[in-house]
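Residue strings, one per chain:
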Amino acid sequence: MPTEFESSKPIYMQIVDRINFNIVQGKQPLGEKLPSVREMAVQMGVNPNTIQRAYSELERMNIVETRRGQGTFVLDDTKLLIELRRSYQTEIINTFVESMLEIGVSKEDMVKILSQHLKGEKQ
Amino acid sequence: MTIQLQNVTKKYGKDFALRNVNLNFEKGKIYGLVGPNGSGKSTTLKLISGLVFPNSGVVSLNDEAISRKSSEKVAYLTELDMFYDAFKVKDVVDFYNSQFQDFNYEKAQILLKEMKLDPNKKVKFLSKGNRGRLKLVTTLSREAEVILLDEPFSGLDPMVRDAIVQSLLQYIDFDNQILLIATHEIAEIEPLLDEAIAIYYGDVIGQEKVEVMREELGLSVLQWFKQIVAKNEEE
């Protein structure tokens, strides 16, 4: 199924994000091969040159490696998983905190509301 | 393979379809020709396929001026509905096979299956979506160096459109082919494109790589197009 993309961010970066997210979620296991450029292009409905660029970017970020004649593989490195997870956590928390501040919730209230929410209580 | 348009002007009667247009296309890329209806997109494709000739300027494939024989190298999907109603689906494929040396009959059979087209069904009983699919089968089955698609999605529902996009990506030979898609449905084809060319009432008003638009300008193709149209109208 072709994928929807945000309009302002480069498509290749959105694909990088998506693959990283799949790694964090465990849908794309460490050490395993990514789909070929063509397969991924067909899957996502995206130009193969864009997929190639996303794979190169992942390689530059030391998340995948290309093995000659075999394809592109996610590094088999648990440190990678920890780092990716941490960076997603930071990103999600930043967005959360920003949005809460925007609607006028103080930091103290934020903590209160969040812990209440996690306990399953209504405000 | 390269396609070049140099100072090309095309008039229909007194009306300019294209005014002094310069364009270059190279292999391995997917280009989107975007603009409103009547802006000159179809004329550009017809000039490249040798169906019409410029009033002035030169259109060339691999530095050779376009002629009637250029259709050997160019597969052109017209926006018109152009099948013989009495034909069955398989007759259409046979007909194309008899007309084009580069027609890959096996590929056509695979594509028919993938597009779920019944070879024994008469063309006149096909739905609009299936006629669109059949047109694409006949075009993509050719191993031509240039593939021109004129409004390949017009009037097709989103499911058919997705299926067509996927077959395009699967069957285009990126090492050897140039793909040019003319459409006014800009948002739909954006993820497919390497570059977009904006045509506006006979003038090429912009050409840009899609990733540059997003990365440096922060714009989608549609936003980019609207912006240069607005700028153009101020002048």
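A quick note: this is a predicted structure, and the numbers were derived from the prediction, not measured. (Residues numbered from 1 in each chain as written. Chains lettered and ligands numbered in written order. Predicted model: local features only at pLDDT ≥ 70, side-chain atom pairs only at ≥ 80, totals over all residues. Heavy atoms only, no water.)

Turning to the pattern of salt bridges, a few remarks are in order. Inspection of every chain in the model, using the stated rule, returns 13 salt bridges over all chains. For the salt bridge of K9 of chain A with D17 of chain A, the shortest nitrogen-to-oxygen distance reads 2.7 Å. By relative accessible area, D17 of chain A is classed as partly exposed at 28%. Between D85 of chain B and R131 of chain B there is a salt bridge, with the nearest N and O atoms lying 3.6 Å from each other. On the criterion of sequence distance, the pair formed by D85 of chain B in the loop between β6 (74–77) and α2 (89–99) and R131 of chain B in helix α4 (residues 128–140) is long-range, its members being 46 residues apart. Owing to a relative accessible area of 14%, R131 of chain B belongs among the buried residues under this scheme. Sharing partners across several salt bridges, the network here consists of E26, K29 and E195 of chain B. (Salt bridge = Lys/Arg side-chain N within 4 Å of Asp/Glu carboxyl O. Buried < 20%, exposed > 50% of the residue type's maximum accessible area, 1.4 Å probe, protein only. Helix = DSSP H or I, 4+ residues; strand = E, 2+ residues; numbered from the N terminus.)

This part is about helix α1 (residues 41–49) of chain B. Residues and elements named next belong to chain B. With eight of nine residues buried, α1 lies mostly within the body of the structure. Within the span of α1, buried status applies to K41, S42, T43, T44, L45, L47, I48 and S49. Phi turns positive, to about 80°, at G50, one or two residues after α1.

In this section: the environment of S141 of chain B. Residue and element names in this part refer to chain B. Position of S141 among the secondary structure elements: in the loop between α4 and β7 (146–150). In the structure, S141 is positioned 33 residues away from A108 in sequence and 5.2 Å away in space, judged by C-alpha atoms. Each residue touching S141, except ones within four places of it in the same chain, is listed here: D102, F103, N104, K107, A108 and L111. Among the polar contacts made by the side chain of S141, one reaches the main-chain carbonyl oxygen of V137 at a distance of 2.6 Å. (Contact = heavy atoms within 4.5 Å. Polar contact = N/O pair within 3.5 Å; in protein donor to acceptor, adjacent residues only side chain to side chain.)

To continue, consider the sheet that holds β7 of chain B. All names here are of chain B. Ordered by their spatial adjacency, six strands build an open sheet running β6-β7-β8-β3-β9-β10, and the pairing between neighbours is mixed. Of all strands in the sheet, those bounded by a partner on one side alone are β6 and β10 (203–209). Adjacent strand axes in the sheet meet at a mean angle of 15° when their direction is disregarded. Relative to β10, strand β9 (residues 195–200) is paired through six bridges, and the arrangement is antiparallel. The partner of A196 across the bridge, within β10, is E208. Across the sheet, helix α8 (residues 221–234) lies against β3 (30–34), β9 and β10, angled at about 35° from β9, the strand it touches most. (Pairing = 2+ DSSP bridges. Axes fitted to C-alpha atoms, helices over the stretch in contact; angles between N-to-C directions.)

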